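# Per-entry structural report
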Amino acid sequence: MKPSCASTGIYIGMRIEVPYFSQYDERIPEEWQGRSCGIVSLRMALGAVVPHKELPSPAELIASGVSSGAYVAGIGWRHDGLMRLAELCGARAHRSEFRIRKYAMPHVISSWLNKAFFNYGVALLRSSVQKGTVPIISVTVDGKSDTHLVPIVSWGKREGVLGFYYHEPASQPEDNDALYRFMSIDELGRRWRRLAIFIGSSGREEKIQEQHVTLSATTMRTNPFKVRWLEVAWQV
């Protein structure tokens, strides 16, 4: 599906039909409403990739996640815990990290490698959406250290600017801009913590494989240029 709104300067590429849920829905216990972005994002993703199965409500997922240790007080929702919940609901899940560990190396090299990993991550986010897999990314909020999880539901352009569209779980249920908010690549570069969980259908023929984007200390000492430069070129 490729809807385009030429009059508004908006172009949406491949769009996944992701149902919307708000973490401030009255059916979610009030004490969890401010800290349920991970679970609510997961529930949205599950609704897209497991559409024909009766799925638990966000409140039920919260209860299951807490009992299984998916939530850690003071930290938030563990990515591996969210993955286990996704698999229990009939989906496939894997996670990726698109950044290098801190090794002793010249700043120019670490900066170059981190940009390469970011470009690779952007390309993988886009290709995942193309295949119907919903990426849930970890972002910062208003430049603070607080982290937040949101599901990517499409990619495209707005006024000629490339970026991704996402559903905002932290919006009030009545907000008009909760669905298909736009995040430019520049904004993604500032806010994305380079972490993502990919939620896909277990019924797809192709196997979803976990992407490991890491460098060992040995690799960095012997061949710091082993990671190729990856540029993102979108034709829209």
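## A short note on the overall build of the protein
A tally of regular secondary structure across the protein gives six helices and 10 strands. Taken across its 236 residues, the protein has 48% of its residues classed as buried.

## Some remarks on the pattern of salt bridges
Here the structure, examined in full by the defined rule, presents seven salt bridges. For Asp80, the salt bridge is made with Arg84, and the minimal N-O distance between the two is 4.0 Å. Taken together, the residues span about one helical turn, with Asp80 and Arg84 both in helix H3 (residues 79–88) at a distance of four residues. Salt bridges sharing common partners tie together Arg78, Asp80 and Arg84.

## Remarks on the side chain of Ser128
Relative to the assigned elements, Ser128 resides in helix H4 (residues 107–130). By relative accessible area, which is 7% here, Ser128 ends up buried. Discounting residues that sit within four places of it in the chain, Ser128 has contacts with Thr133, Pro135 and Phe198.

## Overview of the packing of aromatic side chains
In the structure shown here, the tally under the stated rule is seven aromatic pairs. Taking 5.0 Å as the distance between ring centres and 65° as the angle between the ring planes, the aromatic pair formed by Tyr71 and Trp77 counts as edge-to-face. There is no split in this pair, since Tyr71 and Trp77 are both buried. An aromatic cluster is defined as three or more aromatic residues linked by ring pairs; in this entry it consists of Phe98, Phe118, Tyr120 and Trp192. Stacked on the ring of Trp32, the Lys or Arg Arg35 has its end atom at 4.0 Å from the ring centre. Positioned over the ring face of Trp155 is Arg126, at 4.1 Å from the centre of the ring.

## Points about the nonpolar core
Residues Leu46, Ile137, Leu188 and Ile199 are the most contacted members of the largest nonpolar core, which totals 61 residues. At nine residues, helix H1 (residues 37–49) tops the list of elements feeding residues into this core. In this view, Leu46 contacts Pro51, Leu55, Leu61, Ala86, Cys89, Ala91 and Ile199; residues no more than four positions away in its chain are not counted.

## Some words on the packing of H1 against helix H2 (residues 58–67)
Two numbers describe how H1 lies on H2: the axes approach to 9 Å, and their chain directions differ by 120°. Here H2 runs oblique to H1, going by the angle between their axes. The crossing of H1 and H2 is right-handed. Along the contact surface, H1 presents Ile39, Val40, Arg43 and Leu46, while H2 presents Pro58, Leu61 and Ile62. Of the residues assigned to the contact of H1 with H2, the class counts are six nonpolar, no polar and one charged.

## Observations regarding the environment of Gly132
Within the fold, Gly132 resides in the loop between H4 and strand S6 (134–140). Separated by 84 residues in sequence, Gly132 and Ala48 place their C-alpha atoms 8.3 Å apart.

## Describing H3
Where H3 is concerned, the buried positions are His79, Gly81, Leu82, Met83, Leu85 and Ala86. Gly90, located one to two residues past H3, shows a positive phi value of around 95°.

## Concerning the environment of Gln33
Along the chain, Gln33 falls in the loop between strand S2 (10–15) and H1. We classify Gln33 as buried; its relative accessible area is 14%. Each C-alpha atom, one on Gln33 and one on Ser22, is 8.7 Å from the other, the two residues being 11 residues apart in sequence. With sequence-adjacent residues up to four places away left out, Gln33 is seen in contact with Gln23, Tyr24, Asp25, Glu26 and Ile28. Reaching out from Gln33, the side chain makes a polar contact with the backbone oxygen of Ile28 at a distance of 3.0 Å.

## Section: the confidence of the model for the protein
On average, residues of the protein score 81 in pLDDT, and 77% of them are at 70 or above. Ignoring residues within four places in sequence, the model shows residues 1–8, a span with pLDDT below 50, making 15 contacts including any to other chains.

## What about the environment of Lys157?
The topology assignment puts Lys157 in strand S7 (residues 147–158). For Lys157, a relative accessible area of 24% translates into the label partly exposed. Placed 27 residues apart in sequence, Lys157 and Ser184 show a C-alpha to C-alpha distance of 8.3 Å.

Calculation rules
- Residues numbered from 1 in each chain as written.
- Predicted model: local features only at pLDDT ≥ 70, side-chain atom pairs only at ≥ 80, totals over all residues.
- Heavy atoms only, no water.
- Helix = DSSP H or I, 4+ residues; strand = E, 2+ residues; numbered from the N terminus.
- Buried < 20%, exposed > 50% of the residue type's maximum accessible area, 1.4 Å probe, protein only.
- Salt bridge = Lys/Arg side-chain N within 4 Å of Asp/Glu carboxyl O.
- Contact = heavy atoms within 4.5 Å.
- Phe/Tyr/Trp six-rings, centres within 6.5 Å; stacked < 30°, edge-to-face > 60°.
- Lys NZ or Arg CZ within 6 Å of the ring centre and 35° of its normal.
- Core = buried A, V, L, I, M, F, W, Y, C linked by side-chain atoms within 4.5 Å.
- Axes fitted to C-alpha atoms, helices over the stretch in contact; angles between N-to-C directions.
- Parallel < 35°, antiparallel > 145°, perpendicular 65-115°, else oblique.
- Left-handed = near helix turned anticlockwise from the far one by under 90°.
- Nonpolar A, V, L, I, M, F, W, Y, C, P; charged D, E, K, R; others polar.
- Polar contact = N/O pair within 3.5 Å; in protein donor to acceptor, adjacent residues only side chain to side chain.
- pLDDT = per-residue confidence, 0-100.

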